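Chain and residue survey
Spelled out from the first residue to the last, the chains are:
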Amino acid sequence: MADWGLSADGRRKIRRAHNLKLMHEEKEIPLPGYSSPTFVIEAKGPSFALPSQDDLGFSNVTTCITVRTREGVAVRGTLKDAIELHATYARQIFIQQPNRQFVRTCSIDALRATWFHFDRNGIYKGCCPLNGTYSGHPQEFVQLIVGLCSLDEQVLGFDTSVQWKADATGRKASGTLTTVDDESKISKTYQLLYIDPLSKNCSICGTGSRTWAVRDPDNGQEVLVKDSWREESWYPEVEGLKAARNLDGLVLMILYEGARPQTKDFGVSEYVPSEERPMHHPESSCENKILSRVVLEKYGPHLFCFQSERQLLCAIRDAIAGHRNLLLEGGVLQRDIAWRNILFGKPGASPGNRGILIDFDIAIPVSLNKPGSSAWGHPQFMSIAILKNAHTNPWDKREYRLAHDYLDELESAFYTTASVMWELDKPGTRQDPCPEFVTEWLNSLESLTKNLEFKMDFILGEEPIDPTEFIAPYWSNASHRLLEGFYMFTRQNARYKDEARETYGDIEDVLEEPMFSESVIREDYDYVLNLFDVAIKELDKADEQKSDSTTQGMKRKADEVDGDLLTAQEAGEERARRRKLD
């Protein structure tokens, strides 16, 4: 092949790579740090760039080709072995070419040329028979090679709305991102603030999400652009973000493209079945996936980057209020409360926007929320009820499943609050050593079963466990009381949902009607928000007392609380006790 001299004005060139090291960048899977395919097609253009080291890497190739022959005889090997190898190549191309929408590679032996197509739906394989002289199906074979060398970046699987310019060394120096707003139909080109995305999902299958930091050309402000794939039947994140507009405590969407490329347009329909895929490759879906793009306001960092105790409590408090606003005013359940999905508001943010709830990938309107066996969200923050759902047989109607509701979300908010206080000793510092209980909790994330067992013992054990036993000395008495109250609230409601599961467990069909009235929902949110309000006021009172003691010589205990605050907390407890079914 190299002797054919295939090239295109230097923009495409076949290179031998069997003795080179094409370095890997991802760290999620324990693979070798480099790959050495037989050949690669080196490329130049707006979507390619030289790697950080050497002159050839996964950042500047269109494809990888393996040749598996020995003295004219095909080398034996399973299809799964070939897919494993080429999935590694494809993964690296997706990571190092972040505007890739699909990747195609090729494996050649004496009998056939097998090509692989990788996209967010899974893996597809095709075959071109050969007879040892590459003349079995010459037209198909030539078309395959020419396609892998195409000068059209869209044919190669690139999203050409993201483009870069190279410096004198051939490495990316600047870039732009162009989008067309679905509502105004106006095209806008943003300048990339960084060459690479701020975050990216490294899996081949799935959402393939990318978040870009860009500058708005109209006002010079920094905004974020999020690209992600969803199954066609899923509720679009764009719709959840529309519902969140003008509501406090929720991320603001500036503009969007709801339906960009779709996997059904990539020319493949039948993906490799699970028994032929690599062990680490996720389950592929036969359903069409759609790429969407949203432009979002930029906020502060996530909760683990807190600068003060008060800042943290205010952020969690306002994000929970935002979750309530989305549910009761927008009619949407977010379903993914976690510390990484709560950001600090902009500098000087007013109450209500000191914490911002983000990431509506798995949000769902209340009208479509039905019981099921799927567990949504991050396992660390999943409620007991959702984990129990995940352990049911979806085909057995005798097993009762509860719909994912706001109580599951408030339980996630408790785990979020506890995780920060358990894992961090003070701003920017983790507890060292980490308490054994917390280590056990983190280790339980290895499986949903272990996670459920841990939370059952912690939340639903015969005797309540003091959650403040595991937090560092940094946290004040106000945070202690908050965590204790939040734990008891979570324990009470987890028991309530467990009893509901047992009560309806002998019916044939799952209960699909909402279990709570709006007044009860508001009371529960009010109770939790009151816990935070009381703690924040205690911190403010303690600061005032410190100031008084400095200026007037007055000394008061920091944990003293005015009677009106205690009364407010008692009122919240009374509201929680009044919960009842509709």
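Look above for the structure.
Right, let's walk through the structure included here. Values in this document were obtained by computation on a predicted structure and should not be read as measured data.

Time to look at the pattern of salt bridges. Applying the stated criterion to the full structure yields 27 salt bridges. For lysine 242, the salt bridge identified is with glutamate 239, shortest N-O distance 3.3 Å. In this pair, lysine 242 and glutamate 239 both sit in helix α3 (residues 237-244), 3 residues apart, roughly one turn of the helix. When the shortest N-O distance is used, the salt bridge between lysine 497 and aspartate 405 registers 3.1 Å. Of the two residues, lysine 497 sits in helix α9 (residues 477-503) while aspartate 405 sits in the loop between α5 (384-390) and α6 (406-423), which places them 92 residues apart along the sequence.

For the rest of this paragraph, the subject is the nonpolar core. Among the nonpolar cores identified, the biggest contains 85 residues, and Ile320 and Trp422 are the most heavily contacted of them. Counting residues per element, this core draws most heavily on helix α10 (residues 518-552), at 11 residues. Not counting residues within four places of it along the chain, the set of residues in contact with tryptophan 422 comprises Gln431, Pro435, Phe437, Val438, Trp441, Phe458, Pro467, Phe470, Ile471 and Leu483. Within the second largest apolar cluster, 19 residues are counted, among which are Val61, Ala82, Ile93 and Phe116.

So, about a negative patch on the surface. Side chains of Glu436, Glu440, Glu453 and Asp457 sit close together on the surface and give a patch of like negative charge. Taken together, the elements giving at least two residues each to the negative patch come down to α7 (436-443) and α8 (448-460). Structurally, glutamate 453 is set in helix α8. On the basis of relative accessibility, which here comes to 47%, the residue glutamate 453 falls in the partly exposed class.

Scoring rules and cut-offs
Residues numbered from 1 in each chain as written. Predicted model: local features only at pLDDT ≥ 70, side-chain atom pairs only at ≥ 80, totals over all residues. Heavy atoms only, no water. Salt bridge = Lys/Arg side-chain N within 4 Å of Asp/Glu carboxyl O. Helix = DSSP H or I, 4+ residues; strand = E, 2+ residues; numbered from the N terminus. Core = buried A, V, L, I, M, F, W, Y, C linked by side-chain atoms within 4.5 Å. Buried < 20%, exposed > 50% of the residue type's maximum accessible area, 1.4 Å probe, protein only. Contact = heavy atoms within 4.5 Å. Patch = residues over 30% accessible without salt bridge, like charges linked within 9 Å, V, L, I, M, F, W, Y side chains within 5 Å. Areas by Shrake-Rupley, 256 points an atom, 1.4 Å probe, with all protein chains shown as cover. Lys, Arg positive; Asp, Glu negative; His and termini not counted. Charge placed at Lys NZ, Arg CZ, Asp CG, Glu CD.

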